[in-house]
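Inside the fold
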Amino acid sequence: MADVNVAPSLLDDSIRKSKILVVGAGGIGCELLKNLVLSGFNDILVIDLDTIDVSNLNRQFLFQKEHVGKSKAVIARESALGFNPNVTIVAKHDSVMNSEYNVTFFKQFTVVMNALDNRAARSHVNRMCLAANVPLIESGTAGYLGQVTAIRKGLSECYDCNPKAGQKSFPGCTIRNTPSEPIHCIVWAKHLFNQLFGEADPDEDVSPDTADPEAAGDAGSVALQNQASEAGNVTRVSTRAWAQQSEYDPSKLFGKFFCDDIKYLLSMDKLWTKRTPPTPLSWDNIPEEISDQQGGLIKDQKVWSPAECVQAMVSSIKILYQRSKELNGEESFLVWDKDDEASMDFVTACSNLRSHVFSIPKKSRFDVKAMAGNIIPAIATTNAVIAGLIVFEAFKILEGKWEECRHVYLNSKPNALNKVIAPSSLDSANPKCYVCSPHPEVTVLLNVSQMTVQSFEDKVLRGALHMISPDVMVDDGKGTVLISSEEGETTENMSKSLSDFNISDGTRLRCEDFHQEYDLNITIIDREHLEENREFTVIADPSQLQPKAAVESSGPQPSTSSSKPAPSTRATESVEIDEDLDVIFQKGTANDDHQQEPSIRKRSISGQADIGSASKKLRLSENDIIEL
Amino acid sequence: MVAKEEVTISEAEAALYDRQIRLWGLEAQKRLRAARVLLIGLGGLGAEIAKNLTLSGIKSLTLLDHSVAVANSANFLIPLENVGKNVVEASLERVQRLNPMVDILTDTENVTAKNEDFFSGFDVVCATRLPVEESIRINAICRKHSIPFYSGDVFGFGGFFFVDLLEHEYSEEVTVPAATLKDGCTAKKSDPSETKTVKHTLNYIPLQAAFEADPSSQLNKRSWQRIKSHFITMKSTDLGSTTVAFVSLALASLALASLYVDLTTGLLMFRSQMKRDPEAANRQSDIAKLCEIRDHILHEMKLDNQMVDSGIFE
């Protein structure tokens, strides 16, 4: 019910005449819409692909219980109009990454405000705003922490100027053979779900990894022989096909995963010289455990005994099997969802059974859900503060006072300068940014004979580099088209390997995303093996790349002389906010430990760091950082 | 203090509060669940506070305000058709809808008519738009009953709040990183870090004491210089919702407390004399009036007129 007069100056006028795009109607989005509507903004478009869940209601206050299941954008609009019916709000229940939202679409807005929760969308909107030359206010929250910053082409760094810390991932052999932490078991259980009910991914194998370099030796080959002799041949049946043979009989599934496979692992005795060996479980003899847990907990916070795990496994398999039978046609697989009871029960049960086998501490369903589902804790007030800060940055932009825009941090407690809300000057663009520099470049390390064109498009271009409809040409003087964004034009290329197109060490690829108006040159470096058995590595600053000889020194490498089986595929499991595949953006050498958090360099407003200088100083931040 | 009765969280509450329980823990949620809070004043700032408290899952929220709902208010909880009614009655439905599990109570009396017995029934008191005398009075009552007290207000793009948490014990998790080498099939550094809990005690001061501080002392003069640039500017709007984000610091320190209080006193004095906040329509005369008030206050404080530049009133 507000028709609030903002300051009687040009600002007021600018506000009234502006057109705002709000990307996301969740935690930040709800607070932001409320603020915009009360501050005199008249013309707003809000877009969100998601629907309302009960766990949103503790903070996304534009939604109530009766709205669960409905579109966030639609309901947010309705509720916000209740605060000021005279405002024009258009709601789109859609993904901002759809082709409908092209550069022309973005150009109609005075300011774009992100209220997102994942990097892919942020990266995409970043590019669209750069292409459309529209100011973007980026923000994010996690728990008590939050950040707001302003992005403007040519005037500030863009979202992609800073390398983001690589997603946490685990080597395949850790997941399949030698887990040592609950998270390894949880990742395994999620893979098991996909192998049994979901879209099977060859990178998500759950059976023992016979190609584990650590296991190499007599025992391993003995085991291999045994398997060969028992089965008659060594051809693999897919996990799903095997399960279907017994109609998903829980005792058979249990027997394989928690008994037979474990026994197999035990036979690979080199793995267990320094580790606690696993103990196989027997279906007929599930250990009872006396619970010593405190009372007063939420039901989900109680850790299940092995017997309870088996119970949950049995009932969830029954439900999931039934569900997968009922599916028809194309959609013949289930998608794992942390908010689906059976899916969650299945993963909790299986990961805890595996933990039990490997003498790893068990986790409650509550904790498993957070780890498996990448849950970020969230409250209303952090989002309220951040949304307020977003509008303040918007005011500065509308007043043309770009020099007053700041990167603002919300800390959990006063920082070294005694500030809870800490502004910091905007950094200037990274001259070597792989997105906003005049001639973007990256280098990608991969194995050209192993990487297929399809994988390259899905995992590298879309997954890591956040393109949405890439066109790729090989820079070979012949203009060979590797990938075309036009449907059907390059289908026959997809299953071929890159080397089939004479792509080799040092080959350059010219990539273009017409929709994002983004051109990128990629230099391919051929590497037979990468650390941690990754499939590829992206290097943002190619000048930092070490020569090949120096790099391959970390970790056990399969010797080239012995006849080796195919190398273990890596297991990638993101434990970050979104579903990005694992990628390393490094400003250093390929040898750097990819789990090392890049120190985010931020200057306090009183510090006079060299603005615009090519070499940015790295120094410890004074603020609580969350990675947007 | 919060009642010590055994509080349980139902499954429905666990589902609703899931994301926040994961942040502050089940124990904290249970304490919220037992808390009875009084909120005085339901303007823009009050509405924002009401929203945040209600969403968090407290036991009850009592809304106390005798004023009448007007148009153009930053209180977004009032539907257009309720203009003309008492503000808390006008806001009730929307507040309740934010969280049906919280008891929302209304009281339309003037806060000045409330006595000690009234306040003693609450676990926390939050006040907005209070005249200074009322803040002092209620703070003193709360102190007597060991009730934490918050009082704040918003002036255009700036604002302030005062906090008295009496003798406040809290613990802090301090992280000590400890890199250890774990076995893996490749040599991988994982970084489990040790967290230890450190206990602290903060002693807050009552509002009255802030007024009794000597502003001419050397310590206070230095503090004054330091905070001068932080002081609020005078834009003539009531952007309650947006501005709330910037309400200023906890006033645990005597020196800062006195200075903030004296400066905001100017605005509050304006309000009590003119019966309204400074506004754009009367820009020139209001600035003149503020300068007059400033001179008066500074004279009382025996400070130089130069210390508060009239530029801040722009």
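See the structure shown above.
What you see is a predicted model, and the numbers here were worked out from it, not measured in a lab.

Cut-offs and rules
- Residues numbered from 1 in each chain as written.
- Chains lettered and ligands numbered in written order.
- Predicted model: local features only at pLDDT ≥ 70, side-chain atom pairs only at ≥ 80, totals over all residues.
- Heavy atoms only, no water.
- Pairing = 2+ DSSP bridges.
- Helix = DSSP H or I, 4+ residues; strand = E, 2+ residues; numbered from the N terminus.
- Axes fitted to C-alpha atoms, helices over the stretch in contact; angles between N-to-C directions.
- Contact = heavy atoms within 4.5 Å.
- Salt bridge = Lys/Arg side-chain N within 4 Å of Asp/Glu carboxyl O.
- Buried < 20%, exposed > 50% of the residue type's maximum accessible area, 1.4 Å probe, protein only.
- Core = buried A, V, L, I, M, F, W, Y, C linked by side-chain atoms within 4.5 Å.

Residue and element names in this part refer to chain A. Across the sheet, eight strands lie side by side as 3-2-1-4-5-6-7-8; this open sheet has mixed pairing. Edge strands, defined here as strands with exactly one partner in the open sheet, are strand 3 (88-92) and strand 8 (421-425). The average undirected angle you get between the axes of adjacent strands in this sheet is 15°. With seven bridges connecting them, strand 5 (residues 136-142) and strand 6 (residues 145-151) associate as antiparallel partners. Bridge assignment links Ile-137 to a residue of strand 6, and that residue is Ala-150. Against the sheet, helix 3 (residues 72-81) engages strand 2 (43-47) and strand 3, with an angle of about 165° to strand 3. Lying on the sheet, helix 5 (residues 119-132) is in contact with strand 1 (20-23), strand 4 (111-114), strand 5 and strand 6; it crosses strand 5 at an angle near 165°.

Attention shifts here to the pattern of salt bridges. Residues and elements named next belong to chain A. Across all of its chains, the model carries 38 salt bridges over all chains by this definition. Asp-203 is the salt-bridge partner of Lys-459, the closest N and O atoms lying 3.0 Å from each other. A residue pair is termed long-range when its members are at least 10 positions apart, and Lys-459 in helix 15 (residues 453-464) and Asp-203 in the loop between helix 7 (182-196) and helix 8 (218-231) qualify at 256 residues. Asp-203 carries the same exposure label as Lys-459, and that label is buried. A salt bridge links Arg-365 to Asp-345, with the nearest nitrogen and oxygen atoms 2.7 Å apart. Of this pair, Arg-365 sits in helix 13 (residues 365-373) while Asp-345 sits in helix 12 (residues 341-357), and the two are 20 residues apart along the sequence. Residue classification places Arg-365 among the buried positions, given a relative accessible area of 10%. Overall, Asp-345 belongs to the buried group, its relative accessible area being 14%.

All names here are of chain B. Counting buried positions along strand 6 (residues 158-164) yields six of seven residues, so the element is predominantly enclosed. For strand 5 (residues 149-155) and strand 6, the ladder comprises seven bridges, and the chain directions are antiparallel. From the neighbouring strand, Phe-155 faces strand 6, where its bridge partner is Gly-158. Connecting strand 5 to the next strand, strand 6, in antiparallel fashion are two residues, including Gly-156 with a positive phi near 60°.

If you look at the biggest cluster of nonpolar residues, it comprises 84 residues, and the most contacted ones within it are Leu-36, Phe-41, Ile-44 and Met-113 of chain A together with Leu-61 and Leu-63 of chain B. Sort the elements by how many residues they give to this core and helix 14 (residues 380-398) of chain A lands first, with twelve residues. Non-local contacts of Leu-63 of chain B, meaning those with residues more than four positions away in its chain, are made with Leu-39, Leu-42, Ala-50, Val-88, Val-95, Ile-104, Leu-105, Thr-106 and Asp-107 of chain B. Val-112, Leu-130, Val-134 and Tyr-434 of chain A belong to the second-largest nonpolar core, a separate cluster that totals 59 residues.

The next subject is the sheet that holds strand 5 of chain B. Residues and elements named next belong to chain B. Read from one edge to the other, the open sheet built from six strands follows the order 3-2-1-4-5-6, with strand pairing classed as mixed. The sheet terminates laterally at strand 3 (103-107) and strand 6, the two strands that pair on one side only. If you compare each strand with its neighbour and ignore which way they point, the axes differ by 15° on average. When strand 1 (residues 36-40) meets strand 2 (residues 60-64), the two strands line up parallel, connected through five bridges. Its bridge partner lying in strand 2, Leu-38 is registered against Thr-62. In the packing of helix 4 (residues 87-98) onto the sheet, the strands contacted are strand 2 and strand 3, and the crossing angle to strand 3 comes to about 175°. Running at roughly 160° to strand 5, helix 6 (residues 132-144) makes contact with strand 1, strand 4 (124-128), strand 5 and strand 6 of the sheet.

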